Each structure stands twice: as C-alpha cells, then as structure tokens.
Amino acid sequence: MSGPVLLCALRAIDAFPALGAALKGWTQGRGRLSTSDSLPQAVMALTPEVTFRQALLFFTEADFVTGKARFYCLYYPREHTKLTQICFSSLVGESWRCRAESLFSYLQAGAQVLCTVLLIKPGVWSRRLPGILRNLHLEKFRVVGMKHLDLEAAAARALLPPEAQQDPAAVGAHCTYLTSGTALVLCLQRPNAVKKLMDLLGPEDPQLAQALDPRLWRAQYGTSTVQNGFYGSRSYPMAVRDVKLFFPEGLCCAQCQTVQEEEV
C-alpha cells in the first residue's frame, strides 16, 4: 500500500448492522460526490468469529482497557514489506490506567448493566404509577433510586430536547408545565438501559409515537410535545449527568460501578 490505514476496534449496541448501515451510507454518498477521495474506503468484519481472529492479528490483551479509548494506525512503509503497527493512546497518566481484560473475554462479554433516569412528569405518575412500575418490571428494569420532587426552572430547562431549547416559546411552555406540580424521578438499571428506555418511550411527539406504535409509552400517556408524559436520559453521558443531578446522595442499593467512575 502507498500510505497508512486506520484500524479501529469498535463496540456498540447491534454493532454489526449499525456499522454496515454506516458503510452503506458512505458508499452511496461517494456516488453523489464529484471527488472520489472525499470519503474513506473501508471494510469490516462480518461476524464475531472473524472479528476475534482479525483482532488477534493486530491487538494485544493490554490494548483493550475498560472504558478508555485508544486509536490505532497500521502503516505500510514504502521501502519495507514488513507491517509496522503504531499505537497512539489518547489518554495517558497513572489515573487513567485500568485492569486489562482478556481479548476473548472482552468480545464474549454481554451487554453492560447501566443506569438511566426516567422522570414521570406532573399529573401522570400520581394516576398511572402502578401500571408504569409493572411495565418496567416486565421490561427487566430494576429500580435503584426513586424520589418525588418539585423541579426548579433551571433543572426543568436542562431536561428539554435540543430543538425545544432553540425556541423561547417552547422553553417557556415546557418549564411552566414541568414546574407546575410534583414529578417522580426513577433511576433504572438493566443491560443497555439507556437505549431500551428510549425505545420504550418513543418520539417526543405523542402523535408521531402513536403513528409509529400505539404501545409506545408517550403514545399511551402523552397528549402533546409538552405534556408527553416522560423524560428519559437520551444518551449515556446524559444518564450519568442525570443520576448525579437527581441522586447526589447516592442510590438505594449497590450503585452502578460505571456511573461511580464516570466524570462528565
């Protein structure tokens, strides 16, 4: 080869179909562009078995460190035929070191147990709580924190979706509703908790949720984009932020170790 290549070991929910869809989008985008080098050329392993065999060629066990990112570049020198691996670590220092995991154990590991936050908005939890708790139990969520509280305006604004924060009228409507009564906040735990909760809640707009699937929670309990029944942490960093925001005193039982270690 005439230049360096980038080799990435990626981890995500539904990693193989997600990466396949991304690569397909790149290929389609390349056809619409006049410059052939505007997008990267990429290949991927198609199965966990192939991934394991290929990873053994380029990575060592010490390269897989829990929770910390590393970047690898495979360089093919023009004057040599031997492959040289150059490793760039994005995080250095004793404070970032963790226990190295076996590569095979790392690939075999199941979904990580995570924490997320569900806020049941005023007027909903006082009437629908038994059914909501039953549904959480059926979906294998474990409640590890619960409290009711009256939100202040600043906390209410922090919960708004990005598109709503750009509209002063929407900000006012959301904050007025969220501060109009007592909300119930739950800290929930299960594998892939953040994505699972988002899948259950559905879109912010209850009408859109109803069109997609009447069983979505916002389709059942929401009446508008403001009074849509629920707030859920939209990403893992936001879940960590929300846990620290609403449960600064800690959780009611063994805390999620990942949340304890994270710094947002």
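Being a predicted model, the structure only gives us computed values, none of them experimental.

Calculation notes
- Residues numbered from 1 in each chain as written.
- Predicted model: local features only at pLDDT ≥ 70, side-chain atom pairs only at ≥ 80, totals over all residues.
- Heavy atoms only, no water.
- Helix = DSSP H or I, 4+ residues; strand = E, 2+ residues; numbered from the N terminus.
- Areas by Shrake-Rupley, 256 points an atom, 1.4 Å probe, with all protein chains shown as cover.
- Salt bridge = Lys/Arg side-chain N within 4 Å of Asp/Glu carboxyl O.
- Buried < 20%, exposed > 50% of the residue type's maximum accessible area, 1.4 Å probe, protein only.
- Pairing = 2+ DSSP bridges.
- Axes fitted to C-alpha atoms, helices over the stretch in contact; angles between N-to-C directions.
- Contact = heavy atoms within 4.5 Å.

Asker: Help me out: how do you make sense of the overall build of the chain in this one?
Answerer: Of the regular secondary structure elements, the chain holds 12 helices and 7 strands. If you sum the accessible surface of the chain, you get close to 16,200 Å²; carbon and sulfur atoms cover 56% of it.

Asker: What exactly am I supposed to notice about the pattern of salt bridges here?
Answerer: Side-chain pairs of opposite charge can arise where the charged atoms are in close proximity. Summed over all chains, the structure comprises 7 salt bridges. Asp 199 is paired through a salt bridge with Lys 195; the nearest N and O atoms lie 2.9 Å apart. Within this pair, Asp 199 and its partner Lys 195 are both found in helix α8 (residues 193–201), separated by 4 residues, close to a single helical turn. Residue classification places Lys 195 among the partly exposed positions, given a relative accessible area of 37%. Ionic pairing is found between Glu 204 and Arg 234, a salt bridge with its closest N-O pair at 3.8 Å. With a gap of 30 residues between them, Glu 204 in the loop between α8 and α9 (206–212) and Arg 234 in the loop between β7 (230–232) and α11 (236–246) connect regions that are remote in the sequence.

Asker: Whenever I open this one, the sheet that holds β7 confuses me. Can you help?
Answerer: Each strand in a sheet pairs with another by means of backbone hydrogen bonds, the pair being arranged parallel or else antiparallel. Judged by pairing direction, the sheet is antiparallel, and its 4 strands sit side by side in the order β5-β6-β4-β7 without closing on themselves. Two strands in the sheet have a free side with no partner beyond their single neighbour: β5 (142–149) and β7. Sheet twist, expressed as the mean angle between neighbouring strand axes with direction ignored, is 20°. As paired elements, strand β4 (residues 113–120) and β7 share 3 bridges and run antiparallel to each other. When the sheet's bridge partners are listed, Leu 119 is paired in β7 with Tyr 231. Against the sheet, α8 makes contact with β4, β6 (183–191) and β7, and its axis sits at roughly 35° relative to β4, the strand it touches most. Running over the sheet, α11 touches β4, β5, β6 and β7 and is turned about 65° from β4.

Treat this as a map of the structure, not an account of what it does.
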